[in-house]
Amino acid sequence: TSGELWVTGTNVCAGYWQRPEATAAAWTDGWFRTGDIGVRAEDGYITLQGRRSDLIISGGFNIYPREIEELILEQPGVREATVVGVPDPVRTEAVTAFVVLRDGAAWTETLQAALIARVRDRISPHLAPRSIAPIAELPMTSTGKVMRRKAGSSHLMSAKSSKRKRGFRKDAQVCSSLAKKARVLLKMIVKHKFFDSAMTTCVLLNTIVMGMEHYNM
């Protein structure tokens, strides 16, 4: 059973400097809650699994990025990797990986499939990333720690931007189609002298209704 590592002793600091709220959140009865999750073996050794703040909850499973990242880094061509959970309507969070390739390495669908299969076969299918994306560099803190959540939020912003662009292209196509239909109708009105106001109104209203149906309004 895994759990959070708590420590105490004379060599443990008494709190965060001028941060009483953070101190109250991290200390309990003299014990410092490190935020590290680990498993204690029968011989007393503790194996760290990851940080509590990095925990991914996907499909009811608690998933720690570290073991997934270590497997991905075994793949030739991958220089750096980070794993995060992105919001998912079905799984709560979807396991998503970001990789930085080594110089000369190329990103292909075959490589992505190999990385996913490595995790699925070596650990468990439910730990395998739902998607993997190559990025130029991982976001880091000033001390060199990977900012997993920032990588995930950047991915979501990029996905939303792409979705908006696709929406704009679709809107432009719809407008172009409606314009062509309107020009055809106008030519028919002029050619056949359908200048009766009632007839013209019906034709134009029909064009508007067609546009609304196209937009699912």
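You'll find the structure just up there.
Structure report, in brief. This is a predicted model, so every value here is computed, not measured.

### A few points about the overall build of the protein
Working step 1: For the protein, the helix and strand inventory stands at five helices and nine strands.
Working step 2: In sequence order, the secondary structure elements of the protein are arranged as β-α-β-β-β-β-β-α-β-β-α-β-α-α.
Working step 3: Relative to its 217 residues, the protein shows a buried fraction of 27%.
Working step 4: By sequence separation, contacts in the protein at least 24 residues apart represent 51% of the contacts at least 6 residues apart.

### As for the nonpolar core
It is characteristic of soluble globular proteins that their nonpolar side chains tend to be buried jointly.
Working step 1: Ile68, Ile72, Val78, Val83, Val99, Leu115 and Val119 are the most contacted members of the largest nonpolar core, which totals 19 residues.
Working step 2: Only α2 (65-73), β7 (78-88), β8 (92-101) and α3 (109-122) provide two or more residues apiece to this core.
Working step 3: Of all hydrophobic cores here, the second largest spans seven residues; its members include Val84, Val100, Leu138 and Ala151.

### Quick notes on the pairing of strand β9 (residues 131-134)
Working step 1: Where β8 meets β9, four bridges bridge the pair, whose relative direction is parallel. Bridge assignment links Val99 to a residue of β9, and that residue is Pro134.
Working step 2: After leaving β8, the chain enters α3 and then returns to the sheet as β9, a path that is right-handed.

### Quick word on α2
Working step 1: Of all the residues in α2, the buried ones are Pro65, Ile68, Glu69, Leu71 and Ile72. End-on view of α2: buried residues confined to an arc of 160 degrees, all on one side of the axis.

### Description of the side chain of Gln75
Working step 1: Looking at where Gln75 falls in the secondary structure, it is placed in the loop between α2 and β7.
Working step 2: In this structure, Gln75 is in contact with Leu111, Ala114, Leu115 and Arg118, ignoring residues within four places of it in sequence.

### Some thoughts on the packing of α2 against α3
Working step 1: Taken N-terminus to C-terminus, the directions of α2 and α3 make an angle of 125 degrees; their axes are 9 Å apart at the nearest point. The angle between the axes of α2 and α3 places the two elements in the oblique class. Of the two possible hands of crossing, α2 and α3 adopt the one that is right-handed. Each of Ile68, Leu71 and Ile72 in α2 lies in contact with α3, whose residues at this interface are Leu115, Arg118, Val119 and Arg122.
Working step 2: Along the lines of polarity and charge, the residues of the contact of α2 with α3 split into five nonpolar, no polar and two charged.

### Some thoughts on the pattern of salt bridges
Working step 1: Evaluated as defined, the whole model comprises ten salt bridges.
Working step 2: In this structure, Glu80 engages Arg79 in a salt bridge whose closest nitrogen and oxygen atoms are separated by 3.9 Å.
Working step 3: When its relative accessible area of 40% is taken as the criterion, Arg79 is described as partly exposed.
Working step 4: Note that Asp121 and Arg120 form a salt bridge whose closest N and O atoms lie 3.6 Å from each other.
Working step 5: One network of salt bridges, with partners in common, ties together Asp54, Glu69 and Arg148.

Here is what the cut-offs are and how they apply
Residues numbered from 1 in each chain as written. Predicted model: local features only at pLDDT ≥ 70, side-chain atom pairs only at ≥ 80, totals over all residues. Heavy atoms only, no water. Helix = DSSP H or I, 4+ residues; strand = E, 2+ residues; numbered from the N terminus. Buried < 20%, exposed > 50% of the residue type's maximum accessible area, 1.4 Å probe, protein only. Contact = heavy atoms within 4.5 Å. Core = buried A, V, L, I, M, F, W, Y, C linked by side-chain atoms within 4.5 Å. Pairing = 2+ DSSP bridges. Right-handed = clockwise from strand over helix to strand, strands pointing away. Arc of directions from axis to C-beta. Axes fitted to C-alpha atoms, helices over the stretch in contact; angles between N-to-C directions. Parallel < 35°, antiparallel > 145°, perpendicular 65-115°, else oblique. Left-handed = near helix turned anticlockwise from the far one by under 90°. Nonpolar A, V, L, I, M, F, W, Y, C, P; charged D, E, K, R; others polar. Salt bridge = Lys/Arg side-chain N within 4 Å of Asp/Glu carboxyl O.

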